[in-house]
Amino acid sequence: MSYMNKTIEEIHEALVNGKVTSKDLIKESLEMSHKVQKECNAFVTIMDDAKETKVTDELLSGIPYGIKDNYSTKGILSTGSSNTLKDYVPFFTATSIDNLSKKGAVAVNKTVLDEFGMGGTGTTGHTGVVTNPWDHSRMCAGSSAGSAAAVAAGVYPYATGSDTGDSIRKPAAYCGIVGYKPTYGMISRYGLFPFASSLDHCGVLTRSVKDAAIVVDGMKGIDKNDMTSWDSADMHLYESIDGNVKGKKLCYIKELCDINMYPNADDELKSHLENFMKTCEKCRELGMEVCEESIDMTLLSAIPSVYVVISCAEATSNMSNLTGFIFGPRAEGDKWDVEMKNYRTKGFSPLIKRRFVIGSYVLQAENKDRYFHNAQRVRRLVVDKWNELFEKYDAVILPVGSGPAKKLEGSKDALDKNTAILEDHLQIGNFGGFPSITIPNGFVSKLPVGVNITGKCFNDIDVLNIAYALESIMGYKNQIAKEVK
Ligand code: GLN
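Just so it is clear, the structure is predicted and the values come from calculations on it, not from any experiment.

The rules behind these values
- Residues numbered from 1 in each chain as written.
- Predicted model: local features only at pLDDT ≥ 70, side-chain atom pairs only at ≥ 80, totals over all residues.
- Heavy atoms only, no water.
- Core = buried A, V, L, I, M, F, W, Y, C linked by side-chain atoms within 4.5 Å.
- Buried < 20%, exposed > 50% of the residue type's maximum accessible area, 1.4 Å probe, protein only.
- Helix = DSSP H or I, 4+ residues; strand = E, 2+ residues; numbered from the N terminus.
- Pairing = 2+ DSSP bridges.
- Right-handed = clockwise from strand over helix to strand, strands pointing away.
- Phe/Tyr/Trp six-rings, centres within 6.5 Å; stacked < 30°, edge-to-face > 60°.
- Near = heavy atom within 4 Å.
- Polar contact = N/O pair within 3.5 Å; in protein donor to acceptor, adjacent residues only side chain to side chain.
- Nonpolar A, V, L, I, M, F, W, Y, C, P; charged D, E, K, R; others polar.
- Contact = heavy atoms within 4.5 Å.

### A short note on the nonpolar core
When a protein is soluble and globular, its nonpolar side chains tend to lie buried together.
Consideration 1: Judged by nonpolar contacts, the single largest core of 144 residues is most densely connected at W386, I397 and I437.
Consideration 2: Counting residues in each nonpolar core, the second largest holds five residues, with A141, Y174, A405 and L408 among its members.

In structure tokens:
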């Protein structure tokens with residue numbers, strides 16, 4: 001009997017009724033980890049010595065899970081999937097991981113990401129490419145690629161992720177699972193390697209909406225070590241899910257969802273948008289109202305550039321502490337500056353270096369107002385626009401990406417101009433710190449695609465409830481990847 005392909009609620013029940021022990025679950029999860037490592041290359045570290053915990057009333061007790069490798073874990077290699085930290089063993093654990101341990105959760109592996117979370121393909125980690133368990137010739141998206149592959153393949157019911165632009169919600173879509181980033185600051189980021197601090201969120205990848213709520217309940221909490229964290233002790237996400245969504249109001253954005261906006265649309269994009277429209281119909285069947293809104297294309301088109309400027313600027317500044325003296329392998333050199341240059345030149349992949357060049361350029365005194373400050377101004381306009389929508393609507397519903405997982409061959413970190421906004425609109429959730437969840441939305445070319453629901457800050461409960469109601473009638477709950485090729 002396997003258990004790792006079940007939901008947290010089901011596994012907990014089996015543990016409480018003595019049908020299985022925490023030790024059995026760990027054994028199963030570790031065996032699956034080794035199998036999925038061979039197939040998908042999803043892990044930096046597999047913790048073969050993981051120890052069982054006592055089963056208590058806590059839903060997470062005794063159950064294995066995975067940790068994205070940009071979360072610090074005391075005494076366990078934490079690389080951020082970068083050569084610059086390939087031997088780094090932290091002396092402290094991220095607060096959110098400590099919180100999970102207090103509930104009795106058992107970590108069994110550390111998952112591969114795009115180097116330091118900078119990327120959307122799952123191909124740039126220092127341990128190599130992560131492949132999609134549905135089709136190994138395709139990517140998982142990124143950056144939480146290993147977490148998504150492992151959850152989809154049934155290694156465990158959940159893995160942590162981080163999301164600066166879409167890094168939880170895009171891989172979730174490509175792997176046919178759930179990805180949830182709660183409101184900015186609900187989960188402490190102390191111990192999460194910083195990428196772009198004003199956009200970074202912790203979150204989770206699961207196979208059901210309720211599981212996502214259970215895990216975030218376990219990770220969240222105010223933390224003196226993260227001044228952006230806030231007290232959510234009165235918010236019980238899991239207990240608040242009742243599936244009652246009658247009268248809720250949703251909107252989608254015409255410029256993103258109308259097939260006529262894409263003159264060169266291929267069949268995959270067409271089916272993806274058709275699926276999306278069918279899902280809007282399902283929302284109506286559930287008693288929700290779904291309206292179309294129109295947003296100025298000039299504003300929408302600015303989103304990818306605003307993201308690039310702000311995220312690269314913040315990343316350049318955050319990663320200036322990677323000198324090779326404090327963390328990571330020491331480089332060769334007879335002088336400190338030569339040593340530092342060698343460390344950074346050899347350690348970072350070309351993609352990261354390109355981003356540091358952009359970041360340094362937009363932060364230079366003579367360029368700062370034109371690029372960095374203007375990007376902040378446009379970010380404000382986008383957030384204001386979305387907050388206006390949230391005055392009328394409980395949530396915005398949109399398709400994730402332009403279709404199913406892309407082929408690995410020929411993949412680049414470049415944008416297709418035609419679908420750039422569709423690929424990147426999830427970044428709005430990071431601009432505003434909005435709670436945002438992706439759930440499976442059926443199939444295109446036999447591969448999973450996703451739909452996203454985003455709400456206003458602190459309104460996580462509505463977002464989860466809408467996602468839960470939809471999940472209940474869509475039939476993709478707790479979906480495990482079945483290889484199609
Ligand atoms: N794909 C985006 C990027 O390349 C988002 C990454 C993320 O959310 N960490 O930066």
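That was the structure; now back to the text.
### Comments concerning the pairing of strand β3 (residues 106-111)
Consideration 1: Burial runs high along β3: five of the six residues are buried.
Consideration 2: In terms of strand pairing, strand β2 (residues 64-68) meets β3 through five bridges, oriented parallel. Bridged to G66 within β3 is N109.
Consideration 3: Taking the sense of rotation as the criterion, the β-α-β connection linking β2, helix α3 (residues 95-102) and β3 turns out right-handed.

### Considering the packing of aromatic side chains
Consideration 1: The full count for this structure, using the stated rule, is 14 aromatic pairs.
Consideration 2: Both rings, one in F443 and one in Y476, keep their centres 5.9 Å apart while their planes meet at 75°; by these two values the pair is edge-to-face. Placement of the pair is F443 in strand β12 (residues 436-444) and Y476 in the segment after α16 (460-474), with a sequence separation of 33 residues.
Consideration 3: For F443, a relative accessible area of 32% puts it in the partly exposed group.
Consideration 4: Residue classification places Y476 among the partly exposed positions, given a relative accessible area of 24%.

### A few points about the site of the ligand
Consideration 1: Looking at the ligand, the residues that line it are G117, G119, G120, S143, D163, T164, G165, D166, S167, F195, Y307 and R355.
Consideration 2: At 2.6 Å, a backbone N or O of G165 approaches an oxygen atom of the ligand.
Consideration 3: Separating an oxygen atom of the ligand from a backbone N or O atom of D166 is a distance of 3.2 Å.
Consideration 4: For the shell around the ligand, the per-class residue count stands at two nonpolar, seven polar and three charged.

### What about the side chain of N109?
Consideration 1: Here N109 shows up in strand β3.
Consideration 2: The buried category is assigned to N109, whose relative accessible area is 0%.
Consideration 3: Among the polar contacts listed, one links the side chain of N109 to the side chain of S33, at a separation of 3.1 Å.
Consideration 4: Non-local contacts of N109, meaning those with residues more than four positions away in its chain, are made with S33, F43, T45, I46, M47, Y65, G66, I67, V155 and Y156.

Purely spatial values, then, with no claim about function.
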